[in-house]
Amino acid sequence: MVTIKENIPLPVETWKSARLFVTDKFDSPPVILRIDDSIVGTLGNFSASTGKAKSKKTFNVCAIVAAALTNSTVLSYTVSLPPNKRKILYVDTEQSPFHCLRLMNRILKLSNLPTDTHPERLVFLGLRRYATKDRQKKIEEAILETEGLGFVIIDGIRDLAHDINSPGESTDLITKLMQWTDEQQIHIHVVLHLNKGDDNTRGHLGTELNNKAETVLRIKVDEFDNDTSIVESMFIRDRDFEPFAFRINTHSLPELIENYQPQPITKKKAFSYTEVSEEKHREALEAVFSIGEALSYGSLIEQLRSCYSAIGCECGIGKTKKLKQFLTNKRMVIQGEDKLYRHNKDFYY
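Let us look at the structure shown here. (Residues numbered from 1 in each chain as written. Predicted model: local features only at pLDDT ≥ 70, side-chain atom pairs only at ≥ 80, totals over all residues. Heavy atoms only, no water.)

## Concerning the overall build of the protein chain
The following threshold applies: Labels follow the DSSP assignment, with helices taken as runs of H or I lasting at least four residues and strands as runs of E lasting at least two, numbered in each case from the N terminus. Radius of gyration here is computed from C-alpha atoms only, and the compact-globule reference equals 2.2 Å multiplied by the residue count raised to the power 0.38. Working rule for contacts: check all heavy atoms of both residues, and any pair within 4.5 Å makes them a contact.
Broken down by element type, the protein chain carries 8 helices and 16 strands. Here the C-alpha radius of gyration of the protein chain, 29 Å, is well above what a compact globule of 349 residues would show, namely 20 Å. Once the C-alpha set of the protein chain is aligned to its principal axes, its extents read approximately 105 × 65 × 45 Å. Here the analysis covers contacts within the protein chain between residues at least 6 apart in sequence; of these, 63% occur between residues at least 24 apart.

## What to know about helix α3 (residues 132-145)
We count it as follows: Expected helix span is given by 1.5 Å per residue-to-residue step, counting one fewer step than there are residues. Categorising residues by exposure relies on relative accessible area from a 1.4 Å probe, with only protein chains included: less than 20% of the type maximum marks a residue as buried, more than 50% marks it as exposed, and the intermediate range marks it as partly exposed. When we speak of the arc, we mean the arc of directions from the helix axis to the C-beta atoms.
An ideal rise of 1.5 Å per residue puts 20 Å on 14 residues; α3 measures up with 21 Å between its terminal C-alpha atoms. Residues Thr132, Arg135, Ile139, Ala142 and Ile143 constitute the buried set of α3. Viewed end-on, α3 has its buried residues packed into an arc of 100 degrees, placing them on one side of the element. More than 90 degrees from the buried face of α3, the exposed residues found are Lys133, Leu144 and Glu145. Those residues of α3 that are buried lie in contact with β6 (87-92), β7 (122-126), β8 (149-155), α4 (167-184) and β9 (187-193).

## What to know about the nonpolar core
A general feature of soluble globular proteins is that nonpolar side chains tend to end up buried together. Applicable threshold: As used here, the term nonpolar core means buried Ala, Val, Leu, Ile, Met, Phe, Trp, Tyr and Cys residues forming a set that is joined through side-chain atoms within 4.5 Å.
Among the nonpolar cores identified, the biggest contains 40 residues, and Tyr77, Ile88, Tyr90 and Phe151 are the most heavily contacted of them. Setting aside residues no more than four positions away along its own chain, phenylalanine 151 makes contact with Ile32, Ile64, Ala68, Leu81, Lys87, Ile88, Leu89, His187 and His189. Residues Leu89, Leu160, Leu205 and Leu209 belong to the second largest nonpolar core, which totals 29 residues.

## With respect to the sheet that holds strand β14 (residues 294-295)
To keep it simple, the criterion reads: Strand pairing requires that DSSP identify at least two bridges connecting the strands.
Pairing within the open sheet is antiparallel, and its 3 strands lie in the order β14-β16-β15. Whereas interior strands pair on both sides, the edge strands pair on one side only; in this sheet they are β14 and β15 (333-335). Relative to strand β16 (residues 341-343), β14 is paired through 2 bridges, and the arrangement is antiparallel. From the neighbouring strand, alanine 294 faces β16, where its bridge partner is arginine 342.

## Considering the side chain of glutamate 232
We apply this condition: Whenever a nitrogen or oxygen atom comes within 3.5 Å of another N or O atom, the pair is scored as a polar contact, on the condition that within protein one atom can donate a hydrogen and the other can accept it, and that pairs from neighbouring residues in sequence are kept only if both atoms are in side chains.
Along the polypeptide, glutamate 232 turns up in strand β11 (residues 225-236). Separated by 3.4 Å, the side chains of glutamate 232 and lysine 220 make a polar contact. If we ignore the near neighbours within four places in the chain, the residues touching glutamate 232 are Val216, Leu217, Arg218, Lys220, Phe241 and Pro243.

## Some thoughts on the packing of aromatic side chains
Stated precisely, the cut-off is as follows: The criterion for an aromatic pair is that two Phe, Tyr or Trp rings (for Trp, the six-membered ring) have centres within 6.5 Å, with stacked assigned to planes under 30 degrees apart, edge-to-face to planes over 60 apart and tilted to the rest.
Going through the model one piece at a time under the given rule, you end up with 3 aromatic pairs. Aromatic pair tyrosine 90 and phenylalanine 124: ring centres 4.9 Å apart, planes at 5 degrees, arrangement stacked. Here tyrosine 90 is found in strand β6, whereas its partner phenylalanine 124 is found in strand β7, with 34 residues between them in sequence. Relative to tyrosine 341, the ring of tyrosine 297 lies with its centre 6.5 Å away and its plane at 55 degrees, an arrangement referred to as tilted. Of this pair, tyrosine 297 sits in helix α7 (residues 297-310) while tyrosine 341 sits in strand β16, and the two are 44 residues apart along the sequence.

Printed below as a string of structure tokens:
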């Protein structure tokens, strides 16, 4: 009679499996994605594209995929996949099947490939209708089961997490990306939105992405031309590249703007209280103390901000406090024993 032993734990790797020695030899990871002479992506790593709504992030990614399908250059992206890793997996988590099909057509047109035949090298997943927990599972299955896979696009990585502000969930997801890329020796490029109010990637997931990604690209709309999108590096391990720009042409395809030169943003020179003339200081301080000979700290700050603005010296609260310190150091304003501030009209500048 054979006795079956239950609950016997499977052997696990010990800490020794992670040891490295100075005598170890490793090949440099193959470069598969470049912008000009800058390395954007290598096998065994992941990168990202970010941008605000309507910045044309997906158009940009279509160009990357078209370059990967043809092992060529599209826009400013040059892709070189090894012969044994020519398959591309595109995962869309946001769009309906109708819009996914339109996206595929755009990629094929950019690649100069027929749109009535599905390319053998492209595997496309539309995961919008699946639950969050199932999306990550299906991506992992596709990665493990697609023979010859070299490049993966995840358009909408935010939809692989329930809460992008959860440190634990974000770390687990980024760890998955590192695991997939390292074990399968592929490159993954993900797409994540920027915050509406600033230029930071969204949530804790965005922070983890910035910390671990090989490159983070930022796509933004030109400040002077809403039809132009600019691609620049947000973070890059390799040397930086010159930003480039594209527009959408009459065929609804992204088109490189040759010799693009961004227009300089003219900023008004910040007000420096050290450069204000004695006459202007006297004028402003006369107005400051016109409401009373002695002012409390709060009233002084409020009056300084208002009266210096009136003479063309705009400043916020922080700078107003520094201005007050400058004036007291110069003895233009003095503080009495009663803690109130007064205008010293006999000061010398």
